[in-house]
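Structural characterization, general
Here are the chains, one letter per residue:
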Amino acid sequence: MSWIFWAMLSAVFAACTALLAKVGVEHIDSNLATAIRTTVVLFFTWAIVLGLNAHRGLPAIGRRSWIFLVLSGLCTGLSWLCYFRALQIGPVSGVAPIDKLSVAIVIVFAWLFLHESLTPLKILGGSLITAGALVLAFA
């Protein structure tokens, strides 16, 4: 299966995440809600890793990979904390589009830091995503 299939599946699950989380944070602290969600993710992903014997690759992980994976994890945690707080106080139909501005931001960051190409079509696509997210968020 191609990366497009997995990306689409990710989008579907992300949409479900937003809707379920909006209901889940209604009457509890958003940080507690994030901790509960993160705990579920922790156990779920380790169950998959152990079930597929992927944990045997742990000793082969280099220092650089550890550093960047830990930093990525910290960014994920911060993103989730902010996302759940935004869901708690704002409409999910506004929060989710703003959250998706990460697509446009990652295009720019990939160009700046990873030296990926920034083609006119990527600029157009990122601009359309940005415009669409803002229109949806404030409609």
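Described below are features of the structure shown in this document. Along each chain, residue indices are assigned from 1 in the same order as the chain's sequence is written. In view of the model being predicted, local features appear only for residues whose pLDDT reaches at least 70, and side-chain atom pairs are presented and counted only at 80 or more, with totals across whole chains, interfaces and linings using the full set of residues. The basis for every side-chain value is the complete set of non-hydrogen atoms in the structure, without hydrogens or water.

1. A short note on the overall build of the protein chain
We apply this condition: Counting from the N terminus, the helices are the DSSP runs of H or I reaching at least four residues and the strands are the DSSP runs of E reaching at least two. Any residue under 20% of the maximum accessible area for its type is buried, any over 50% is exposed, and the rest in between are partly exposed; the area is computed with a 1.4 Å probe on protein chains only. Residue contacts are defined here by distance: any two heavy atoms, one from each residue, within 4.5 Å place the two residues in contact. This count recognises Lys and Arg as positive and Asp and Glu as negative, with His and chain-terminal groups excluded. We put the charge of a Lys on NZ, of an Arg on CZ, of an Asp on CG and of a Glu on CD.
Secondary structure summary: the protein chain contains six helices and zero strands in total. Reported as C-alpha extents along the three principal axes, the dimensions of the protein chain are approximately 50 × 45 × 30 Å. Put simply, the protein chain has 139 residues, and 16% of those count as buried. Sequence separation of at least 24 residues holds for 71% of the intrachain contacts in the protein chain that already meet a minimum separation of 6. Taking the 8 positively charged and 4 negatively charged side chains of the protein chain as two groups, their mean positions are separated by 10 Å.

2. What to know about the pattern of salt bridges
Quick note on the threshold: Salt-bridge detection follows one rule: a side-chain nitrogen of Lys or Arg within 4 Å of a carboxyl oxygen of Asp or Glu.
In total, this model carries one salt bridge according to the counting rule given. Measuring nitrogen to oxygen at the nearest pair gives 3.1 Å for the salt bridge that ties lysine 100 to aspartate 99. Judged by its relative accessible area of 37%, lysine 100 falls in the partly exposed class.

3. With respect to the packing of helix α2 (residues 30–51) against helix α3 (residues 63–89)
Cut-off, in case you're wondering: As a rule, the C-alpha atoms of each element are fitted with a line to give its axis, helices using only the stretch in contact, and angles between N-to-C directions run from 0 to 180 degrees. Roughly parallel covers angles under 35 degrees, roughly antiparallel covers those over 145, roughly perpendicular covers 65 to 115, and oblique covers all other angles. By definition, any crossing whose near helix is turned counterclockwise from its far helix by less than a right angle is left-handed, and any crossing with a clockwise turn is right-handed. Gly is placed with the polar residues, together with every amino acid not listed as nonpolar (Ala, Val, Leu, Ile, Met, Phe, Trp, Tyr, Cys and Pro) or charged (Asp, Glu, Lys and Arg).
Between α2 and α3, whose axes approach to 9 Å, the crossing angle comes to 130°. As the angle between them shows, α2 and α3 are arranged oblique. Crossing of α2 over α3 shows right-handed handedness. Note on element contacts: α3 touches α2 through Trp80, Leu81, Tyr83, Phe84, Arg85 and Gln88, opposite Ser30, Asn31, Ala33, Thr34, Arg37, Thr38 and Val41. Residue classes in the contact of α2 with α3 are distributed as six nonpolar, five polar and two charged.

4. Some thoughts on a nonpolar patch on the surface
Where we set the bar: Patch members must show over 30% relative accessible area and no salt bridge, and they are joined within 9 Å when carrying like charges or within 5 Å when they are nonpolar side chains of Val, Leu, Ile, Met, Phe, Trp or Tyr. For accessible areas, the Shrake-Rupley method is used with a probe of radius 1.4 Å. Any residue's cover is judged against the shown protein chains and nothing else.
Residues Leu42, Phe43, Trp46, Leu50, Leu58, Trp66, Ile67, Phe68, Val70, Leu71 and Leu74 make up a contiguous nonpolar surface patch of roughly 1100 Å² in combined accessible area. For the nonpolar patch, the secondary structure elements donating two or more residues are α2 and α3. Here phenylalanine 68 lies in helix α3.

5. Here we look at the environment of isoleucine 28
Here isoleucine 28 shows up in the loop between α1 (3–24) and α2. Exposure remark for isoleucine 28: the relative accessible area of 30% places this residue in the partly exposed category. Linking isoleucine 28 and alanine 7, residues 21 residues apart in sequence, is a C-alpha distance of 31 Å. Apart from residues no more than four positions distant in its own chain, isoleucine 28 is found in contact with Ala33 and Gln88.

6. With respect to α2
The test is simple: Between the first and last residue of a helix there are one fewer steps than residues, each counted as 1.5 Å, and that sum is the expected span. This arc describes the spread of directions from the helix axis toward the C-beta atoms. Polar contacts here mean pairs of N or O atoms no more than 3.5 Å apart (in protein, one a potential hydrogen donor and the other a potential acceptor; neighbouring residues in sequence count only if both atoms are side-chain atoms).
When the terminal C-alpha atoms of α2 are compared, their 31 Å separation across 22 residues agrees well with the 32 Å that a helix rising 1.5 Å per residue should span. Among all positions of α2, only Ser30, Ala33, Thr34 and Arg37 are buried. Projected onto a plane normal to the axis of α2, the buried residues spread over an arc of 95° and lie on a single side. Elements that come into contact with the buried residues of α2 comprise α1 and α3. Measuring from the side-chain oxygen of the N-cap residue of α2 to the backbone nitrogen of asparagine 31 gives 2.9 Å; that N-cap residue is aspartate 29. Directly beyond the C-terminal end of α2, a positive phi value near 60° is found at asparagine 53.

7. What about the nonpolar core?
Under the convention used in this document: Within this scheme, the nonpolar core is defined by two criteria: the residues are buried Ala, Val, Leu, Ile, Met, Phe, Trp, Tyr or Cys, and they are joined through side-chain atoms within 4.5 Å.
Ranked by size, the top nonpolar core spans nine residues in total: Ala18, Ala21, Val25, Ala33, Tyr83, Phe84, Leu87, Val92 and Val95. Considering each element in turn, this core owes the most residues, three residues, to α3. Other than its neighbours up to four places away in sequence, valine 25 contacts Ala33, Phe84, Leu87 and Gln88.

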